[in-house]
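# Remarks on the overall topology
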Amino acid sequence: MSIDQNRELILRMVESQAVLDGRFSNIRRIGDDGGPGNFSLMFTAADSVTGNEVALKVFHPARRDDAYRLASFRREAEMLGEFVGQPNVIQRVSSLADFTEGFDTPLNVRYTLTFSYFAMELAKSDLAAAVAFGGLDAEAKLVFFRDACKGLQRLHVRQIVHRDPKPRNLLVMADRQVKIADLGTSRSLDRDAVPLLPDYAGFWPGDLRYAAPEMLAGLFSEAPELAIYADFFGLGAILFELFTGQVLTLSVFDGSFAMDLTSAMAHVPPGKRRQIYDDFVTQLADGHPLPNLSATGDGAPRCIQLRLDGLYSELCRLDYRKRLRRFESLFRQIEICLIVLRNEEKYLRWLKEKRRRRATLIGAGRVAR
Amino acid sequence: MIDLAQELKKKPSFVPIDPPDVDDIQALPVAGPGVEPTEVVGRFLRQITEKTRRDATYYSKSYRAQINLGVALLNKGDLSAAQEAFELALKLEPANQTAVLQLGRIYLRQGNLVKAKDAFASLRKVMPHSAEPFVGLAEVSAASGDLEEAQHLLQGAVDQDGHSLAARFQLATIFMRMGRTNEAVRALKAAVRIQPRAPFLHYALGVSYAIRKDPARAKRAFEVSLRLAPGMAQAVKALSKVLLEGASFQAVRELLAEQVAKDPHDFELRELLAWAYVREQNYLAARRQLYTALSELPASVATINRARIANNLGVCYEFLKDLKHAEHFFLLSIDTFAEGGPIAYQNLERLYLQMDKAQAAQAIAERCLAQYPEDRTSVMLGAVALGEQERYGEAIAQCQSFLEKADDAQISAVLSNLLTDAERFDEAIQVLRKAMRSKPLDRALINNLAYVYLMSDAIAEARDVLRQVPENEPAGAYLAATRGLLRLREGDLAGGVEGYERSQQIALQQGNQRLAVRSKQKMHLELAKAWLLRGNVDVALQEVRKGLALPLKRGAYVRDLKRLAARLSKS
């Protein structure tokens, strides 16, 4: 059995640490297997400095060969440092540190593993769990979504793009505030910033199911600034999933979509990727219409159905040039939805009256003609 | 006398790709995968499925996670795993509409119509105002062949939800399958109003116009779908077919050349391009395209396509006078897919007759008739091949056995031909008279009857029969020759020669050199007989020698010339 398969052994090795960094004790895995991540393992620990329970994010020691993932892990710890004290972004409690631990194999060969970790505030849950098990009312969904947008806005203000917004990376805190987390695939758009992946090599950063088509087309290395548009796409996909329970891209990114995209972008020489994509994206969008939010899964309350449909469609436009990418407009739309939702009866009465007046006007016009 | 051996030897036939048809638009592109994934696409779908599976494992008690997994698996084309995921979702959340709907669709694709019907029927109870269950039930009805019921259900779906694209689209396909193309066009136009920029809708509209034989509108619809989706290979092919029918060969070449450059491994594109070249008689370019298509054809392509391309390649070689290669590819076509249709057999039979390989032609005709006993062309070609071997008895029996089952003017003409060659004139007359009862104005029958009368010295009857064809009607090579024979029998030698020379001229104008030679051979034979009747043995012998010197060495005329030569030598 390889070390890689010995997740349980590794989890126990971390749990066996009495104190880490002189402050974190009583280390316990989250869930049965330390969270769903392949590259990082999640633990809870008691922090003697703050007196709070915190989350320890530990890089899987058997995956250290994957230089990109390890660098991403380190960069996440570093980037989180820039957001200390800011709401809607997960707070780092301690900076990156390492510890080593050895173990003997049945053949008496001693292995030493290096564990890198940092501590963050402990969340109660994440949006993925909220979506999976339902139970949120429409207002809570909208408030959670607004928090997620605020978190992403804080990143964008600092010229950082997240590149992997998805329900699992949106943590729900004990006070029901949603915070954006997992900056492992994020990237600074500063001119001096060095990308971890220098060029497109068939490797998409982040979760494919929430990646915008331009990211799937490999434009992120040639035009990193497009990741801003892609983050908005991710937000739209999250909004869709919050109200339908279904992953948007599973309905859009089917075999024919992938075939169209890959055949259009195959054999494109370096430097020409964006130009070719721009020529092709209208056709891609026309050929793959977005599903109607109201006709899918759980749907949304009728009073905000059309607005939500419009909002998510604006955010998820496959053609990034036509996509909504202004937070002001996004927040305004969310606020309108919240107001309508909180005053549903009044709104429906107003709507009925408006329709009646319009019908009267049209009738009068007919008579006049 | 019409010599059908010549007539049938004329042109090899192409097997064209099917024109745009309702089968081309069975699946709604937004509804499912329906694509053969490339390696990159396969990897993409695998990664998405794996991520979704991990979520489903992590949230194993969430029906939503199971539904997402089911959809991902459906996209990947893994129906049974998707079915499991949806069934698990139903266990977690009984009567979940999405899971029931997807399960219904899976059962439908698996051909389990009973379960599919149950699923959609139960869904109709809980979603009475949605079009989806109606569409599903209609698909079940259509799959079980009840198009009327499918149409009725889809009309119901449209009434429930006028904005349901799936309902209108399916309704259009049902109308097309029922042959009600006008209604199909109306349904598709309504669908286009719902989603005006969907290329597949314009494509489907183009197909329905093509079926309605409205090429101008079909062309416009395909062009719109191509403007919306320039890489849509289906639309390129359909537009090419419409343009080919309208003889816009240059436009087809331009359209296809670009598409072939984009997708050099699409054999259908190359076939269409080859077809355009053939219509322009550029057989060399056509051969190049077909050869590339055949040599690069992946193993997964159905053998019927391989057989079709091989046959068409053989046709190009035959037009290019490379008979050896033509033979090779016709044989390849037959050996690749013996059930691929009779055309390759017929082409090879004609080719062998042209190469004077009557025995081989007969063998192929027998193979063809074993597969397609009703194929009249092979009956004719087989009989002609037997006749060329002077096996008249077998040839005549073959035609007679076919005529016992059904009347057929052409087979009757061939039979009369064989009976005449076998010098059984009375039977030939009987056959032709019987055939003319149903087709009294058939020119081939008239010509053959007149010829048989002439051969049995019934000149007046022959003259009466030939009067049925007006003098001012443009005559074919055969009729001109028969008229020449009549003049000879009437004693007008110069008029007879004039008739035969006219026949040779017409045959040469038609590019049928062999027929011209045959006509000339017949002329010498009949002139020899005429001179002999007048007692001029020397000139008769000269005519016999001229006839035998011609490059045709087999058949009834050669046989008669040889007989005459022997008689003259004795005298």
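First, a word on what this report is: a plain description of the structure on this page. Given the structure is predicted, the values throughout are model-derived calculations rather than measurements. Within each chain, residues carry numbers counting from 1 in the order of the written sequence. For naming, the first written chain is A and the first written ligand is 1, with later ones following in the order written. In keeping with the predicted nature of the model, local features appear solely for residues at pLDDT of at least 70, side-chain atom pairs appear and are counted solely at 80 or more, and the whole-chain, interface and lining totals rest on all residues.

### A look at the overall build of chain A
Inclusion rule: Only runs of H or I of at least four residues qualify as helices and only runs of E of at least two qualify as strands under DSSP, and these elements are numbered from the N terminus. Whether a residue is buried, exposed or partly exposed is read from the other C-beta atoms within 10 Å of its own C-beta, which are placed from the backbone; 20 or more gives buried, 12 or fewer gives exposed, and intermediate counts give partly exposed. Remark: residues whose backbone-derived C-beta atoms lie within 7 Å of one another are considered to be in contact.
On a plain count of helices and strands, chain A comes out with 13 helices and 11 strands. When burial is assessed residue by residue, chain A has 42% of its 369 residues classed as buried. Contacts in chain A between residues at least 24 apart in sequence constitute 65% of all its contacts with a sequence separation of at least 6.

### Details of the environment of Y451 of chain B
Along the chain, Y451 of chain B turns up in helix α25 (residues 443–455). C-alpha of Y451 of chain B to C-alpha of A462 of chain B: the two residues are 11 residues apart in sequence and 7.0 Å apart in space.

### Side note on the packing of helix α24 (residues 425–438) of chain B against α25 of chain B
Residue and element names in this part refer to chain B. Heads up, the condition is: Axis angles are defined between N-to-C directions and span 0 to 180 degrees, where every axis is a line fitted to C-alpha atoms and, for a helix, only to the segment in contact. In what follows, roughly perpendicular refers to angles from 65 to 115 degrees, roughly parallel to angles under 35, roughly antiparallel to angles over 145, and oblique to any angle outside these ranges. For a crossing to be left-handed, the near helix must be turned anticlockwise from the far one by less than a right angle; the clockwise case is right-handed. Classification convention: Asp, Glu, Lys, Arg as charged; Ala, Val, Leu, Ile, Met, Phe, Trp, Tyr, Cys, Pro as nonpolar; all other residues, Gly among them, as polar.
Two numbers describe how α24 lies on α25: the axes approach to 10 Å, and their chain directions differ by 155 degrees. It follows that α24 is roughly antiparallel to α25 by the angle criterion. Relative to α25, the crossing made by α24 is left-handed. Note on element contacts: α25 touches α24 through L445, N448, L449, V452 and M455, opposite F425, A428, I429, L432, A435 and M436. Here the contact of α24 with α25 is built from residues that sort into 10 nonpolar, 1 polar and no charged.

### A look at the interface of chain B and chain A
Across the boundary between the two partners, chain B contributes 35 residues, which contact 27 residues of chain A. Of all elements in the fold, only α2 (39–58) and α3 (63–76) of chain B reach the threshold of two or more residues within the side of chain B that touches chain A. The residue inventory of the side of chain B that touches chain A, partitioned by class, reads 21 nonpolar, 10 polar and 4 charged.

### Brief notes about the environment of L449 of chain B
Residues and elements named next belong to chain B. Note on placement: L449 falls in helix α25. A tally of 28 C-beta atoms within 10 Å means that L449 is categorised as buried. In contact with L449, other than residues within four places in its own chain, are I429, L432, M436 and V465.

### With respect to the sheet that holds strand β9 (residues 170–172) of chain A
Residues and elements named next belong to chain A. As a reminder of what qualifies: Only when DSSP finds a minimum of two bridges between them are two strands counted as paired.
With antiparallel pairing, 3 strands are arranged side by side in an open sheet as β7-β9-β10. Only two strands of the sheet have a single neighbouring strand rather than two, namely β7 (125–126) and β10 (178–180). Strands in contact with helix α4 (residues 138–157) are β9 and β10; relative to β10, the strand with the most contacts, it is inclined by about 30 degrees.

### Some points on the packing of helix α17 (residues 303–319) of chain B against helix α18 (residues 323–336) of chain B
Residues and elements named next belong to chain B. Direction vectors running N to C along α17 and α18 enclose 165 degrees, while the axes themselves pass 7 Å from each other. With respect to α18, the axis of α17 lies roughly antiparallel. Note on packing geometry: the crossing formed by α17 with α18 is left-handed. Here T303, R306, A307, A310, N311, L313, G314, Y317 and E318 of α17 come into contact with α18, specifically with L323, H325, A326, F329, F330, L332, S333 and T336. A per-class count over the contact of α17 with α18 returns 9 nonpolar, 6 polar and 2 charged.

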